[in-house]
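Structure assessment
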Amino acid sequence: MIIVLLCLPAVTGAWLRRLEERGREEDRDGGYSTEFMVITAMLVALALAIVAVIAKKVMDKANGLNL
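Residues numbered from 1 in each chain as written. Predicted model: local features only at pLDDT ≥ 70, side-chain atom pairs only at ≥ 80, totals over all residues. Heavy atoms only, no water.

1. Points about the pattern of salt bridges
Inspection of every chain in the model, using the stated rule, returns one salt bridge. Taking the shortest distance from any N to any O, the salt bridge between Lys-56 and Asp-60 comes out at 3.4 Å. Of this pair, Lys-56 and Asp-60 are both found in helix H2 (residues 34-63), four residues apart, which corresponds to roughly one turn of the helix. The exposure class of Lys-56 is exposed, given its relative accessible area of 52%. Asp-60 sits in the partly exposed class, given a relative accessible area of 42%. (Salt bridge = Lys/Arg side-chain N within 4 Å of Asp/Glu carboxyl O. Helix = DSSP H or I, 4+ residues; strand = E, 2+ residues; numbered from the N terminus. Buried < 20%, exposed > 50% of the residue type's maximum accessible area, 1.4 Å probe, protein only.)

This is how it looks when you write it as structure tokens:
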């Protein structure tokens, strides 16, 4: 799981560079495509889900402490 999370930014960056190069080859105007916006939204949603899971685990651990 950790390996996947560490490799995700590199793979995503390479994929986005490939999309950008393909757009240049097709003489597009350089604007954001719908596909790019959907991918960005999905990555933001994934990041929020990961933060929520981590925050929940931290809160549960903090609430379980006996002082």
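Still more ground to cover, so stick around.
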